[in-house]
Amino acid sequence: MEKQWYIVRTDRAGVFFAHIEERNGSEAKLTDARRIWYWEGAASLSQLATEGVKCPQNCKFTVTVPSCTVLGVIEIIACTDKAVENIKAVREWRM
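Residues numbered from 1 in each chain as written. Predicted model: local features only at pLDDT ≥ 70, side-chain atom pairs only at ≥ 80, totals over all residues. Heavy atoms only, no water.

**Q** Even after reading the chapter, I still don't get the overall build of the protein chain, so can you show me in this structure?
**A** Scanning the protein chain from N- to C-terminus turns up two helices and six strands. Reading the secondary structure of the protein chain in the N-to-C direction produces β-β-β-α-β-β-β-α. The C-alpha radius of gyration computed for the protein chain amounts to 12 Å, which stays within 12% of the reference 12 Å derived for 95 residues, consistent with globular compactness. Based on the C-alpha atoms only, the size of the protein chain along its principal axes is roughly 35 × 30 × 25 Å. (Helix = DSSP H or I, 4+ residues; strand = E, 2+ residues; numbered from the N terminus. Rg over C-alpha atoms; globule rule 2.2 N^0.38 Å.)

Have a look at this one:
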């Protein structure tokens, strides 16, 4: 069985697309995490988690890191298979 993907919003660290390995209160250890720095083509994180984005060429999703710990988690939304496929297809934003 494949692990669930989530959109994780934090108070100060931003928004992430990742698996949640552990959670303790407002702290979470994320794996296979991409920071969602900027998105276009979804009106909200709820739409991003259910449909993905409509303008992937304009999105800024960072490289994937194997794991990270984030503090101040304020929202966790499970992603649909459709959204996962769409988000994974967005090219990595690099300088």
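Picking up after the structure, the text goes on.
**Q** I keep staring at the packing of aromatic side chains and nothing clicks. Help me out?
**A** The geometry of an aromatic ring pair comes down to the distance between the two centres and the angle between the two planes. As enumerated under the stated definition, the model contains two aromatic pairs in all. Considering the side-chain rings of Trp-5 and Phe-17, the 4.4 Å spacing of their centres and the 10° angle between planes classify their relative orientation as stacked. With Trp-5 in the segment before β1 (6-10) and Phe-17 in strand β2 (residues 15-24), the pair connects residues that are twelve residues apart, well separated along the chain. Assigned by exposure class, Trp-5 and Phe-17 land together as buried. (Phe/Tyr/Trp six-rings, centres within 6.5 Å; stacked < 30°, edge-to-face > 60°. Buried < 20%, exposed > 50% of the residue type's maximum accessible area, 1.4 Å probe, protein only.)

**Q** Help me understand unusual backbone geometry, please; the structure alone is not making it clear to me.
**A** Trans peptide bonds make up the majority, and among non-glycine residues the majority have a negative phi. Non-glycine residue Asp-32 carries a positive phi angle of around 50°. Positionally, Asp-32 belongs in strand β3 (residues 27-38). Take Asp-32: its relative accessible area is 33%, and that puts it in the partly exposed class.

**Q** Explain the side chain of His-19 to me, please; I cannot follow it from the model alone.
**A** Tracing the backbone through its elements, the reader meets His-19 in strand β2. Those residues in contact with His-19 that sit more than four places away from it in its chain are Lys-3, Gln-4, Trp-5, Lys-29, Leu-30, Thr-31 and Asp-32. (Contact = heavy atoms within 4.5 Å.)

**Q** Help me understand the nonpolar core in this model?
**A** The nonpolar side chains of a soluble globular protein tend to be buried with one another. By size, the foremost hydrophobic cluster in this structure holds 18 residues, and its most contacted members are Ile-7, Phe-17, Leu-48, Val-53, Phe-61, Cys-79 and Ile-87. Of all elements in the fold, only β2, α1 (45-51) and α2 (81-89) reach the threshold of two or more residues within this core. Other than its neighbours up to four places away in sequence, Ile-7 contacts Val-15, Phe-16, Phe-17, Leu-45, Leu-48, Ala-49, Glu-75, Ile-76, Ile-77, Cys-79 and Ile-87. (Core = buried A, V, L, I, M, F, W, Y, C linked by side-chain atoms within 4.5 Å.)

**Q** Explain α2 to me, please; I cannot follow it from the model alone.
**A** Residues three or four positions apart in an α-helix share a direction because the helix packs 3.6 residues into each turn. Of all the positions in α2, only Ala-83, Val-84 and Ile-87 are classed as buried. The buried side chains of α2 occupy one side of the element, clustering within an arc of 100° when seen end-on. Summarising the geometry of α2, the exposed residues directed more than 90 degrees from the buried face are Asp-81, Lys-82, Glu-85 and Ala-89. Residues of α2 that are buried sit in contact with β1, β2, β3, α1 and β4 (60-61). (Arc of directions from axis to C-beta.)

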